[in-house]
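Next come the chains, spelled out residue by residue.
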Amino acid sequence: MLLLPAGDINPHKPFSLHMQIAAICVPQQMLRKMRFSVAGLVFLCSSQIGALVVFPDSSEVKHGMVTTEHPGEAEGSRQPNMSDLLLKLVEMENRLTAAENQAKDVQKENEVLIDQLKYMEARLRISEVQVETMNAKAGTKVAFSVGLGGTGYYGPFNTDVTLVYPIVLTNFGNAYNPATGIFTAPVGGVYHFTVYHHSGPNRRSDSMLYKNHDQIAFISALNKDGSYNGSNGVILQLEKGDVVYVRLMADSWLWDHVNNVPHHGSKGWCHFNGILLFPE
């Protein structure tokens, strides 16, 4: 196994987390084996030193000097200095101890780096999801304009009814359902809605714009002398899945007409419109 110093981690190069964990594992067992080997050598050398000690008798002491049992031996054939060897072995064990302690410190530093790397990877994943969400919202286009498209009067009814606008002029994002008359927000954001209604003479036209189950804007038109237009508009903050729709109130009329004559055509007098101003 290889030790990976902290300086070898390059944040600009992709590096697998599992590869980094494998690379920074510290070979503690190898150091312990070396320690046991050195200890064994120290014990062996100590035994050899004890075995090589020769106690001189009085006949071997000449002028205060101690001689060997074989005075004819050459200088180069003497046994190595075991004391020096023992000191070297002790020094080696101290160096191994220092290396082992240093390895433990490096392992702790590497564990800290691993935790930091995991934290950075988690933040990166969150950022990537946020960027993808923002890109998706930025690419979302929502706008619709629909009309009743009928001929003559709608109503009156003895209860409030949701108006269904079957004539679709525009429906970017397909958020408006022409079968139900309900707009469903595809993304959270700020939207602008407008309602335009027309009533005939001597007929009251009252309707209400709803957000989910809440009444938001009232549209009313009444003129005893002739036809009259009523309109209203609001800017709403919607969450994804919120619905917006228009309900004609009980005992009310709407009048709409579509003229398909060339150059004098009309798409109707009553419309419901909405557009996404910006997503959130």
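Before reading further, recall that the structure is shown in the block above.
Quick caveat: nothing in here was measured; it's all calculated off a predicted structure. (Residues numbered from 1 in each chain as written. Predicted model: local features only at pLDDT ≥ 70, side-chain atom pairs only at ≥ 80, totals over all residues. Heavy atoms only, no water.)

S.K.: Sorry, what's going on with the overall build of the protein chain here?
M.R.: Of the regular secondary structure elements, the protein chain holds three helices and 15 strands. Counting only residues that meet the buried cut, the protein chain has 28% of its 280 residues in that class. Relative to all contacts within the protein chain whose residues are 6 or more apart in sequence, the contacts with residues 24 or more apart total 70%. For the protein chain, the accessible surface area stands at approximately 18,400 Å², while carbon and sulfur atoms represent 58% of it. (Helix = DSSP H or I, 4+ residues; strand = E, 2+ residues; numbered from the N terminus. Buried < 20%, exposed > 50% of the residue type's maximum accessible area, 1.4 Å probe, protein only. Contact = heavy atoms within 4.5 Å. Areas by Shrake-Rupley, 256 points an atom, 1.4 Å probe, with all protein chains shown as cover.)

S.K.: Is there a simple way to explain the packing of aromatic side chains in this structure?
M.R.: Any aromatic ring pair is given by two values, namely how distant the centres are and how the planes are angled relative to each other. Under the defined criterion, the tally for this structure stands at 12 aromatic pairs. Relative to Phe-183, the ring of Phe-144 has its centre 5.1 Å away and its plane inclined at 20 degrees; by these criteria the two rings are stacked. Taken together, the positions of Phe-144 in strand β3 (residues 143-147) and Phe-183 in strand β8 (residues 182-184) put the pair 39 residues apart, joining distant regions of the chain. Residue Phe-144 is classed as buried on the basis of its relative accessible area of 4%. Residue class for Phe-183 comes out buried when judged on its relative accessible area of 1%. On the basis of an interplanar angle of 40 degrees and a centroid distance of 5.7 Å, the ring pair of Tyr-165 and Phe-272 is categorised as tilted. Here Tyr-165, found in the loop between β5 (161-162) and β6 (167-172), pairs with Phe-272, found in strand β15 (residues 271-279); they are 107 residues apart in sequence, far enough to count as distant. As far as burial versus exposure is concerned, Tyr-165 and Phe-272 are alike and both buried. One aromatic cluster is present, formed by Phe-144, Tyr-165, Tyr-176, Phe-183, Tyr-191, Phe-193 and Phe-272 through successive ring pairs. (Phe/Tyr/Trp six-rings, centres within 6.5 Å; stacked < 30°, edge-to-face > 60°.)

S.K.: Help me out: how do you make sense of the pattern of salt bridges in this one?
M.R.: Where charged atoms of side chains with opposite charge meet at close range, the side chains can pair. Summed over all chains, the structure comprises one salt bridge. Note that Arg-204 is salt-bridged to Asp-206, the shortest N-O span being 2.5 Å. On the basis of relative accessibility, which here comes to 9%, the residue Asp-206 falls in the buried class. (Salt bridge = Lys/Arg side-chain N within 4 Å of Asp/Glu carboxyl O.)

S.K.: Any chance you could explain the sheet that holds strand β9 (residues 189-199) here in plain terms?
M.R.: Within a sheet, adjacent strands bond to each other through the backbone by hydrogen bonds, running parallel or antiparallel. Pairing within the open sheet is antiparallel, and its five strands lie in the order β6-β3-β15-β9-β12. Sheet topology places β6 and β12 (228-238) at the edges, where each strand pairs with a single neighbour. For this sheet, the mean inter-axis angle between neighbouring strands, taken without regard to orientation, is 10 degrees. Both β9 and β15 contribute to a ladder of eight bridges, which runs antiparallel. Along β15, the bridge assignment pairs Tyr-196 with His-271. (Pairing = 2+ DSSP bridges. Axes fitted to C-alpha atoms, helices over the stretch in contact; angles between N-to-C directions.)

S.K.: Explain the environment of Tyr-153 here, please?
M.R.: If you trace the backbone, Tyr-153 turns up in strand β4 (residues 152-154). Tyr-153 sits in the partly exposed class, given a relative accessible area of 34%.

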